[in-house]
Amino acid sequence: MSELREVVAGGDVLVLTGAGLSTASGIPDYRGPQGSLRRHTPMTHQAFTGSPEARQRYWARSHLGWSRFGTASPNPGHLAVTALQDLGLLIGVVTQNVDGLHTAAGTRDVVDLHGRLDRVVCLDCGDVTARDLLAARLADTNTGWTARAGHLNPDGDVELDDESGFTVVDCLRCGSVLKPDVVFFGGSVPRDLVEQTYALADRARALLVLGSSLQVMSGYRFALHAAKRGVPVVLVNQGETRADHLAALKVEAPLQDVLPALAKALAPAAIA
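Here we summarise the structure given alongside this text. (Residues numbered from 1 in each chain as written. Predicted model: local features only at pLDDT ≥ 70, side-chain atom pairs only at ≥ 80, totals over all residues. Heavy atoms only, no water.)

## Observations concerning helix 4 (residues 76-86)
Then, in step 1: For helix 4, every residue scored as buried is listed here: Gly77, His78, Ala80, Val81, Thr82, Leu84 and Gln85.
Then, in step 2: The opening residue of helix 4, the one whose side-chain oxygen lies 2.7 Å from the backbone nitrogen of Gly77, is Asn75.
Then, in step 3: Remark: Gly88 follows helix 4 within two positions and exhibits a positive phi of approximately 80°. (Buried < 20%, exposed > 50% of the residue type's maximum accessible area, 1.4 Å probe, protein only. Helix = DSSP H or I, 4+ residues; strand = E, 2+ residues; numbered from the N terminus. Polar contact = N/O pair within 3.5 Å; in protein donor to acceptor, adjacent residues only side chain to side chain.)

Below, the structure is given as structure tokens:
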């Protein structure tokens, strides 16, 4: 803990967060001990855009999951990240999560690398609307549809054996296909967000990775970039990560314990 405190106390830290930060808010991760990849294959960009059946399956599951996912609250780990930002120690916060919990915790200027599940985008006209609006439309359209929801997944949908009978609604503006404003597996992170994150990484004195195994390149590339620049890569994660060999320091402990203690320990020093 003292080594972690020393790194963050130096300031200009870029924080990169993953699903492990949100597990204490009731949102499971993909690759932890109880990770959903052990029982669940996430929706892919290719399947969603190429198959009406895949879209029906996704929206049925996601509609049922939204009542739980959309009401999740920030946990002490999210609040501690905000506290570290308020202390002036962070150069930026980038998240791979789509839950919006950093913003809900008061963190400013968050780079939502994989998008936000509380927004919906039309694949044709590009209109962006609130997820709650879509939830109301889906509820009105599917008043007679019933299904029993299972496990909640990290991307906001639930386990469901039968999606038949569920009706998908289209864009109110142009009548085309609606998609959650997130990057599905197999999709590409918007180039402007990648460039924004690289710009932050180029200014950072340290990269602090919180709750991510960095198994996908969208996050791992920033650890590679930091290591290439000679910038310390610090990992706080329970379990193996793809960047373990790059780490100057690794802490294996629950984030909801480590981060509040870190923020509390640094507050007097930062004020002084």
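That covers the picture; the talk isn't over yet.
## Let's talk about helix 8 (residues 217-229)
For an α-helix the count is 3.6 residues per turn, leaving residues at separations of three or four pointing the same way.
Then, in step 1: Between its first and last C-alpha atoms helix 8 spans 18 Å; for 13 residues at 1.5 Å apiece the expected length is 18 Å, and the two agree.
Then, in step 2: Residues of helix 8 that are buried: Ser218, Gly219, Tyr220, Arg221, Phe222, Ala223 and Ala226.
Then, in step 3: Phi turns positive one or two residues past the end of helix 8, at Gly230, with a value near 80°. (Expected span 1.5 Å × (residues − 1).)

## Some details on the side chain of Thr17
Then, in step 1: Positionally, Thr17 belongs in strand 1 (residues 13-17).
Then, in step 2: Other than its neighbours up to four places away in sequence, Thr17 contacts Val94, Thr95, Gln96, Asn97, His102 and Leu210. (Contact = heavy atoms within 4.5 Å.)

## A short note on the packing of helix 7 (residues 191-203) against helix 8
Then, in step 1: Packing of helix 7 against helix 8 leaves a shortest axis separation of 10 Å and a crossing angle of 30°. By the angle between their directions, the pair helix 7 and helix 8 is classed as roughly parallel. By crossing handedness, the relation of helix 7 to helix 8 is classed as right-handed. Residue-level inspection shows Val194, Thr197, Tyr198, Ala201 and Asp202 of helix 7 in contact with helix 8, the latter providing Arg221, Phe222, His225 and Arg229.
Then, in step 2: Here the contact of helix 7 with helix 8 is composed, by residue class, of 4 nonpolar, 2 polar and 3 charged. (Axes fitted to C-alpha atoms, helices over the stretch in contact; angles between N-to-C directions. Parallel < 35°, antiparallel > 145°, perpendicular 65-115°, else oblique. Left-handed = near helix turned anticlockwise from the far one by under 90°. Nonpolar A, V, L, I, M, F, W, Y, C, P; charged D, E, K, R; others polar.)

## Considerations on the sheet that holds strand 6 (residues 178-182)
Then, in step 1: In space, the 3 strands of this open sheet follow the order 5-4-6, with antiparallel pairing throughout. Looking along the sheet, the strands with just one partner apiece sit at the ends: strand 5 (128-130) and strand 6. Along the sheet, successive strands turn relative to each other by an average axial angle of 45°, direction set aside.
Then, in step 2: Seen against the sheet, helix 6 (residues 131-141) touches strand 4 (115-122), strand 5 and strand 6 and runs at an angle of roughly 70° to strand 5. (Pairing = 2+ DSSP bridges.)

## Focus: the nonpolar core
Then, in step 1: By size, the foremost hydrophobic cluster in this structure holds 28 residues, and its most contacted members are Tyr58, Trp59, Phe69, Leu117 and Leu134.
Then, in step 2: Of all the elements in the fold, those that place two or more residues in this core are helix 3 (52-69), strand 4, helix 6 and strand 6.
Then, in step 3: Residue contributions to this core peak at 6 residues, all from helix 3.
Then, in step 4: The residues touching Trp59, leaving out its near neighbours within four places in the chain, are Phe48, Arg131, Leu134, Leu138, Phe166, Val168, Leu178, Lys179 and Pro180.
Then, in step 5: Formed by 26 residues, the second largest nonpolar core is a distinct cluster that contains Leu84, Val234, Leu249 and Leu259. (Core = buried A, V, L, I, M, F, W, Y, C linked by side-chain atoms within 4.5 Å.)

## Some points on the packing of helix 3 against helix 6
A pair of packed helices is captured by two measures, namely the crossing angle of their axes and the spacing between those axes.
Then, in step 1: One way to put it is that helix 3 packs onto helix 6 with a least axis distance of 11 Å and a crossing angle of 110°. Judged by the inter-axis angle, helix 3 sits roughly perpendicular to helix 6. Considering the relative orientation of helix 3 and helix 6, their crossing is left-handed. Where helix 3 abuts helix 6, its residues Trp59, Ser62, His63 and Trp66 lie against Arg131, Asp132, Leu134, Ala135, Leu138 and Ala139.
Then, in step 2: The residue makeup of the contact of helix 3 with helix 6, split by class, is 6 nonpolar, 2 polar and 2 charged.

## Section: the pairing of strand 7 (residues 206-210)
Then, in step 1: Buried residues dominate strand 7, accounting for 5 of its 5 residues.
Then, in step 2: The two faces of strand 7 match: Ala206, Leu208 and Leu210 on one face and Leu207 and Val209 on the other face are all buried.
Then, in step 3: Sheet topology places strand 7 next to strand 8 (residues 233-236); 4 bridges connect them, and they run parallel. Pairing of Val209 across the sheet is with Leu235, part of strand 8.
Then, in step 4: Traced from strand 7 through helix 8 to strand 8, the parallel crossover comes out right-handed. (Right-handed = clockwise from strand over helix to strand, strands pointing away.)

## Here we look at the packing of aromatic side chains
Then, in step 1: Taken as a whole and judged by the stated rule, the model has 8 aromatic pairs.
Then, in step 2: Their ring planes at 85° and their centres at 5.7 Å tell us that Phe48 and Tyr58 sit as a pair that is edge-to-face. Taken as a pair, Phe48 in helix 2 (residues 45-50) and Tyr58 in helix 3 lie far apart in primary sequence, 10 residues in all.
Then, in step 3: Looking at Tyr58, the relative accessible area reads 1%, which means it is buried.
Then, in step 4: A connected cluster of aromatic rings, assembled from ring pairs, spans Phe48, Tyr58, Trp59 and Phe184.
Then, in step 5: In this arrangement the basic side chain of Lys179 is found over the ring face of Phe184, its NZ or CZ atom lying 5.0 Å from the centre. (Phe/Tyr/Trp six-rings, centres within 6.5 Å; stacked < 30°, edge-to-face > 60°. Lys NZ or Arg CZ within 6 Å of the ring centre and 35° of its normal.)

All we've got here are geometric facts, nothing functional implied.
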